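Next come the chains, spelled out residue by residue.
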Amino acid sequence: MNKKFGVSVGLLSAIVFFAGYSSWLSCVLLLIAILAFASDDVTLKTNALSATVLSFVISIIQIVLRFFSNTYMKLMNTLAEAFIDVEVAYNVIDFIRDVNFADFLIGFIDVVYFIVTIIFMIKAVKGSVVKVPVITSKISKHIDA
């Protein structure tokens with residue numbers, strides 16, 4: 001197994017996937033370091049780019065869902081204030097306010113992303129290219145083989 005920086009390529013790939021789960025900024029910093037110092041290893045470059053793109057896409061999805069969640073809550077609070085004198089309408093709006101589907105989706109995506117990250121980390125430790133659907137095929141077109 002190839003080694004870069006005294007650490008196996010598979011372990012470095014797993015570290016990049018974990019960094020991508022924790023924050024996309026740390027993943028980008030690791031990607032820059034890998035591209036600067038280990039540019040000859042195609043597996044490591046592909047895995048690092050896949051982890052970075054996956055982390056960025058998940059972050060964008062969460063930002064959009066949080067925007068919808070905040071907008072939904074502002075709308076429900078405005079409606080609740082408008083119908084505070086009508087008890088039945090206020091109770092219905094108060095119940096609907098508690099049902100925030102966007103927050104549920106954010107939590108669900110977090111759990112799925114954690115599980116997928118663990119699976120990708122296990123695959124990366126083996127030292128092969130982790131095949132992230134759609135992302136790896138797009139990246140492999142642009143990486144020198």
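A. Seen up close, the overall build of the protein. When its secondary structure is counted, the protein shows six helices and two strands. Overall, the protein shows an N-to-C arrangement of helices and strands of β-β-α-α-α-α-α-α. For the protein, the spread of C-alpha atoms along the principal axes amounts to about 70 × 25 × 25 Å. Buried positions account for 35% of the 145 residues belonging to the protein. Put simply, 69% of the contacts in the protein that link residues at least 6 apart link residues at least 24 apart.

B. Molecular detail of the nonpolar core. Among the nonpolar cores identified, the biggest contains 25 residues, and Val16, Phe17, Leu54, Phe120, Val130 and Val132 are the most heavily contacted of them. Elements with a minimum of two residues in this core: helix H1 (9–22), helix H2 (24–37), helix H3 (42–82), helix H5 (101–125) and helix H6 (135–140). Aside from chain neighbours lying at most four places away, what touches Val132 is Phe17, Ser50, Leu54 and Phe120.

C. Structural detail: the packing of aromatic side chains. Applying the stated criterion to the full structure yields five aromatic pairs. For the pair Phe104 and Phe108, a centre-to-centre distance of 6.4 Å together with 20 degrees between the ring planes defines the contact as stacked. Pair noted here: Phe104 and Phe108 are both in helix H5, with a separation of four residues, about one helical turn. A relative accessible area of 53% places Phe104 in the exposed class.

D. Looking closely at H1. Taking 1.5 Å per residue, 14 residues should reach 20 Å; H1 reaches 20 Å between its end C-alpha atoms and fits that length. Within H1 the residues assigned to the buried category are Val9, Gly10, Leu12, Ser13, Ala14, Val16, Phe17, Ala19 and Gly20.

E. Structural view of the packing of H1 against H5. Viewed as axis vectors pointing N to C, H1 and H5 meet at an angle of 170 degrees, and their least axial separation amounts to 7 Å. Between H1 and H5, the crossing angle belongs to the class labelled roughly antiparallel. Note on element contacts: H5 touches H1 through Asp110, Tyr113, Phe114, Thr117, Phe120, Met121, Ala124 and Val125, opposite Gly10, Leu11, Ser13, Ala14, Phe17, Phe18, Gly20 and Tyr21. Split by residue class, the contact of H1 with H5 holds 11 nonpolar, four polar and one charged.

F. Highlighting the environment of Trp24. Locating Trp24 in the fold gives a position in helix H2. The partly exposed category is assigned to Trp24, whose relative accessible area is 38%. For the pair Trp24 and Thr43, spaced 19 residues apart in sequence, the C-alpha separation works out to 20 Å. When sequence neighbours within four positions are dropped, the list of residues in contact with Trp24 reads Ser55, Phe56 and Ser59.

G. Region of interest: unusual backbone geometry. Unusually for a residue other than glycine, Val134 sits at a positive phi of about 70 degrees. Of note, Val134 is situated in the loop between H5 and H6.

H. Region of interest: the confidence of the model for the protein. Confidence along the protein averages 82 in pLDDT terms, with 90% of residues attaining 70 or more. The element-level mean pLDDT for the protein is lowest in strand S1 (residues 3–4), coming to 62, with H5 highest at 90.

I. Just a nonpolar patch on the surface, in detail. Taken together, the side chains of Trp24, Leu25, Leu29, Ile32, Phe56, Ile60, Ile63, Val64, Phe67 and Phe68 present a nonpolar region at the surface, about 1000 Å² in accessible area. At the level of elements, H2 and H3 are the ones that each hand at least two residues to the nonpolar patch.

J. Inspection of the side chain of Ser69 at higher detail. The residue Ser69 is located in helix H3 in this model. The class for Ser69 is buried, based on a relative accessible area of 3%. Look past the residues within four positions of Ser69 in its chain and what remains in contact with it is Asn100, Ala102 and Asp103.

Conventions we followed
Residues numbered from 1 in each chain as written. Predicted model: local features only at pLDDT ≥ 70, side-chain atom pairs only at ≥ 80, totals over all residues. Heavy atoms only, no water. Helix = DSSP H or I, 4+ residues; strand = E, 2+ residues; numbered from the N terminus. Buried < 20%, exposed > 50% of the residue type's maximum accessible area, 1.4 Å probe, protein only. Contact = heavy atoms within 4.5 Å. Core = buried A, V, L, I, M, F, W, Y, C linked by side-chain atoms within 4.5 Å. Phe/Tyr/Trp six-rings, centres within 6.5 Å; stacked < 30°, edge-to-face > 60°. Expected span 1.5 Å × (residues − 1). Axes fitted to C-alpha atoms, helices over the stretch in contact; angles between N-to-C directions. Parallel < 35°, antiparallel > 145°, perpendicular 65-115°, else oblique. Nonpolar A, V, L, I, M, F, W, Y, C, P; charged D, E, K, R; others polar. pLDDT = per-residue confidence, 0-100. Patch = residues over 30% accessible without salt bridge, like charges linked within 9 Å, V, L, I, M, F, W, Y side chains within 5 Å. Areas by Shrake-Rupley, 256 points an atom, 1.4 Å probe, with all protein chains shown as cover. Salt bridge = Lys/Arg side-chain N within 4 Å of Asp/Glu carboxyl O.

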